[in-house]
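# Structure at a glance
As a plain string of letters, each chain reads:
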Amino acid sequence: MADESIQDGDGGRGGDGDGIRTFPFPVDLSLLGVGVQVGPMGTGSGWHAHAPLHRIDFHTVMLFTGGPVRHMIDFAEYEAAAGDLLWIRPGQVHRFAPEGEYRGTVLTMQPGFLPRATVEATGLYRYDLPPLLRPDPARLAALTAALDQLRREYEDATTLPLSLHTAVLRHTLSAFLLRLAHLAASSAHAARQGRADAPGDSTFTLFRDAVERGFATNHSVSAYADALGYSRRTLVRAVRAATGQTPKGFIDKRVVLEAKRLLAHTEMPIGRVGAAVGFPDAANFSKFFQQHTDQTPAAFRAELR
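Residues numbered from 1 in each chain as written. Predicted model: local features only at pLDDT ≥ 70, side-chain atom pairs only at ≥ 80, totals over all residues. Heavy atoms only, no water.

## Regarding the overall build of the protein chain
The helix and strand tally for the protein chain stands at 11 helices and 10 strands. Here the protein chain, with 305 residues, has 48% of them falling under the buried criterion. Taking contacts inside the protein chain between residues at least 6 apart in sequence as the whole, the part at least 24 apart equals 71%. Within the structure as shown, the protein chain displays about 14200 Å² of accessible surface, and the carbon and sulfur contribution to it stands at 53%. (Helix = DSSP H or I, 4+ residues; strand = E, 2+ residues; numbered from the N terminus. Buried < 20%, exposed > 50% of the residue type's maximum accessible area, 1.4 Å probe, protein only. Contact = heavy atoms within 4.5 Å. Areas by Shrake-Rupley, 256 points an atom, 1.4 Å probe, with all protein chains shown as cover.)

## Things to note about the confidence of the model for the protein chain
Averaged over all residues, the pLDDT of the protein chain equals 83, while 85% of them reach at least 70. For the protein chain, the element scoring lowest by mean pLDDT is helix α1 (residues 2-7), at 39; helix α3 (residues 137-155) scores highest, at 96. Across residues 14-18, confidence stays below pLDDT 50; counting only partners more than four residues off in sequence or on other chains, it has 7 contacts. Low confidence marks residues 194-200, where pLDDT is under 50. Its contacts with residues over four positions away, or in another chain, come to 11 contacts. (pLDDT = per-residue confidence, 0-100.)

## Considerations on the side chain of glutamine 37
Tracing the sequence through the fold places glutamine 37 in strand β2 (residues 36-40). A polar side-chain atom of glutamine 37 sits 3.2 Å from the main-chain carbonyl oxygen of proline 26. (Polar contact = N/O pair within 3.5 Å; in protein donor to acceptor, adjacent residues only side chain to side chain.)

## Concerning empty space enclosed by the protein
Evaluation of the coordinates by the stated rule reveals 2 cavities of 30 Å³ or more. Within this model, the second largest cavity holds a volume of roughly 40 Å³. Every residue along the wall of the second largest cavity is listed here: His59, Val61, Trp87, Leu107, Met109, Leu124, Leu173 and Leu177. Those elements giving two or more residues to the lining of the second largest cavity turn out to be β4 (59-64), β9 (104-109) and α4 (162-191). (1 Å grid on protein atoms, 1.4 Å probe; cavity = no way out; pocket = protein on both sides within 12 Å on 5 of 7 lines; lining within 4 Å. Points joined across faces, edges and corners; volume = space filled by probe spheres on them.)

## With respect to the pattern of salt bridges
According to the stated counting rule, one finds 11 salt bridges in the structure shown. Measuring nitrogen to oxygen at the nearest pair gives 3.1 Å for the salt bridge that ties arginine 70 to glutamate 79. Close ionic contact of aspartate 252 with lysine 248 constitutes a salt bridge, the shortest N to O distance being 3.3 Å. Taken together, the positions of aspartate 252 and lysine 248, both in helix α8 (residues 247-265) and 4 residues apart, correspond to about one turn of that helix. Among the charged side chains, a salt-bridge network with shared partners connects Asp74, Glu212, Arg254, Glu258 and Arg261. (Salt bridge = Lys/Arg side-chain N within 4 Å of Asp/Glu carboxyl O.)

## Some thoughts on the pairing of strand β6 (residues 76-80)
The pairing of strand β5 (residues 69-73) with β6 spans 5 bridges and is antiparallel. Bridge pairing in β6 places histidine 71 opposite tyrosine 78. In sequence, β5 turns back onto β6 through a hairpin of 2 residues, with aspartate 74 there showing a positive phi of about 50°. (Pairing = 2+ DSSP bridges.)

## Some words on the environment of glycine 229
For glycine 229, the location among the structural elements is in the loop between α6 (221-228) and α7 (232-243). Residue classification places glycine 229 among the exposed residues on the basis of a relative accessible area of 63%. It is 10.0 Å that separates the C-alpha atoms of glycine 229 and threonine 203, two residues lying 26 residues apart in sequence.

Okay, structure coming up:
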């Protein structure tokens, strides 16, 4: 199960020395070697304690029946209780709370298990969506039923040939993820209630995707506006409507997140980290990082070691 993959400290890769380890999807531990696992979170087994700060290169969804649990995802703390879900995407740094009551069901999925159209429809790589989801009772019941069905299909390894078993898993997983994606999008919309986001939603989506592609070299709002064919004013309105931030604030937040990931995950010198996120001058990078985090890059790295 997924807990075994995290428990096996020798199965991670990367993060030499004091760097953060990256754990790959453990295909060998999955029933019949399919690219998905569903099962219970450990109860008193300490399954999460062996990797207090790490990355995964697969998708993880935890549906809690116990709690509360304080879980760190990309350096932000989230408190989950019974009835909540946490959705962690590939590449995100996260940390289990050793004292947390991790009870419920955990789903893990290997990238590439679902076809591209399903990936797009379910927003699997929408890193802008909230990782902590709190469904109302009706949605929780539907999600729980869908996840239970997926678990039954996953554990039924004898009644179908492997090819059909895998196909059924893909369809059942897609149904669950479509419900989950709708909840995530609804939660994001509710978080920005009162904002006139409808007219600028597609504008923001294009901007968000452009920033994801170019943040390491391009920090200019005007450059993004020109590349997308919008006026700076139109871009400002759309980003404010969708996020409550300015375009510059959105770009800076993404740059800071990547810098944190590199500082935590690698042994790259601080100057090289700065260069990797668009700051050739190490002093300018340190000043930028401290402005946004109230810490120097060195202090942030030391705090994680």
